[in-house]
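Now for the letters of each chain:
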Amino acid sequence: MRSDPADYQMVALGRLQDVVALLAAEPGTWLPIAGGTDVMVQYAAGTLPSRKLVSIWNLPELRRIDVLPHELCVGAGCTYTDLREQEIVRNEFSLLATAASWTGGIANQNRGTLGGNIVNASPAADSLPALLAYEAQLILVSVRGERRLPYVDFHTGYKKTKLASDELIRAVCLPRRVSGYFSYTRKVGARNAQAISKVCIAAVADIAGKVIQDVRIAVGSVAPIPLRLSQTEKTVTGKPVEPSLFALAKKTAMAETRPIDDIRSTARYRAAVVGNLVVEFLEKLSAGKQR
Ligand SMILES: Cc1cc2nc3c(=O)[nH]c(=O)nc-3n(C[C@H](O)[C@H](O)[C@H](O)COP(=O)(O)OP(=O)(O)OC[C@H]3O[C@@H](n4cnc5c(N)ncnc54)[C@H](O)[C@@H]3O)c2cc1C
């Protein structure tokens, strides 16, 4: 049962260095709260892991977007609305802008942050397949300084991450290597907005003539963590994108997912949808149609 609000303490320190100093001084005691869209659900359910909250909402260091020649670094405190409104995100990282447009409703998009989506670690989170497809890197910050971690290594199991108790995600960096690639993304759910995905997919590919040179396919809601379909990628790389490849790609993709039955769907349905979406991606790649 939810306890009295008076049992909770919340502080807003206003500077990143003060927040990380507090996290280091009392490790595991303070829970960062950004937009609060996941934290408040946990609060209402009485499952918050701590009664001491430190606000990281609107910290300038987490809100900046740095456009560098080789990468785009998006502050972890950027909201879905920020992502949708940024021209460079829409133009060069459209998978992320589209995922942002699918996340909850407008109110949720005005508060929910990219960093919160990553740390909340839901296998169904909509922005995470895009981060896998773009081979994002995370910048983690603590009083010890900063470290970089490939996003693919961040989630180690269901709701488990490599974030230390005194660390924050400061930024998410997206290499600008795939600007000319074909992109494809879909969310399969009861509806696009205000519904948790049954399956979501984000993929990019580069082809020369008809031959696939480079491909990255990532899926959500079909394993304990968002998954890169590496076997499927290996199967199709270097091959002409034509109907004879589709059946093999579908079989490989279905075999490498690890879905479960739950309230939203069955494992069998999810595996079948992954196979069908991989085929749709290859068909559109072959026809040169963006989705
Ligand atoms: C009505 C509703 C609809 C939703 N729909 C969707 C949807 O369609 N798709 C989807 O993917 N999600 C959805 N969500 C989930 C949620 O909005 C996202 O996960 C959001 O991105 C969380 O961000 P936040 O800033 O609100 O995180 P918070 O709630 O503030 O924090 C979540 C967790 O992340 C930690 N955290 C936050 N930022 C950082 C940081 N920079 N460094 C370290 N730790 C941090 C917090 O300590 C906490 O553990 C929905 C939620 C609601 C309430």
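Please refer to the structure higher up on the page.
Being a predicted model, the structure only gives us computed values, none of them experimental.

A. Region of the structure containing the pairing of strand S2 (residues 30-33). Direction of pairing for S2 relative to strand S3 (residues 52-55): parallel, over a ladder of 4 bridges. Pairing of tryptophan 30 across the sheet is with lysine 52, part of S3. Of the crossover connections in this fold, the one passing from S2 over helix H2 (residues 39-45) to the parallel S3 is right-handed.

B. Expanded view of the nonpolar core. Leu96, Ile118, Leu131, Tyr134, Tyr151 and Leu174 are the most contacted members of the largest nonpolar core, which totals 36 residues. In terms of residue count, the dominant contributor to this core is helix H9 (residues 128-133) (5 residues). Counting 29 residues, the second largest nonpolar core, distinct from the first, contains Val188, Ala203, Val279 and Leu282.

C. Local environment of the environment of glutamine 17. Locating glutamine 17 in the fold gives a position in helix H1 (residues 16-25). Judged by its relative accessible area of 51%, glutamine 17 is exposed. When the C-alpha atoms of glutamine 17 and serine 142 are compared, they prove to be 8.2 Å apart, with 125 residues separating the residues in sequence.

D. Seen up close, the state of the cysteines. Under the definition given, this model contains 1 disulfide. Paired through a disulfide, cysteine 73 and cysteine 173 show a sulfur-sulfur distance of 2.2 Å. Around the S-S axis, the bridge from cysteine 73 to cysteine 173 shows a dihedral of about 110 degrees and counts as right-handed. Within this pair, whereas cysteine 73 is found in strand S5 (residues 71-75), its partner cysteine 173 is found in strand S10 (residues 168-175), the two being separated by 100 residues in sequence. The buried category is assigned to cysteine 173, whose relative accessible area is 0%.

Thresholds, definitions, all that
Residues numbered from 1 in each chain as written. Predicted model: local features only at pLDDT ≥ 70, side-chain atom pairs only at ≥ 80, totals over all residues. Heavy atoms only, no water. Pairing = 2+ DSSP bridges. Helix = DSSP H or I, 4+ residues; strand = E, 2+ residues; numbered from the N terminus. Right-handed = clockwise from strand over helix to strand, strands pointing away. Core = buried A, V, L, I, M, F, W, Y, C linked by side-chain atoms within 4.5 Å. Buried < 20%, exposed > 50% of the residue type's maximum accessible area, 1.4 Å probe, protein only. Disulfide = S-S within 2.5 Å.

The analysis is restricted to geometry; functional conclusions fall outside its scope.
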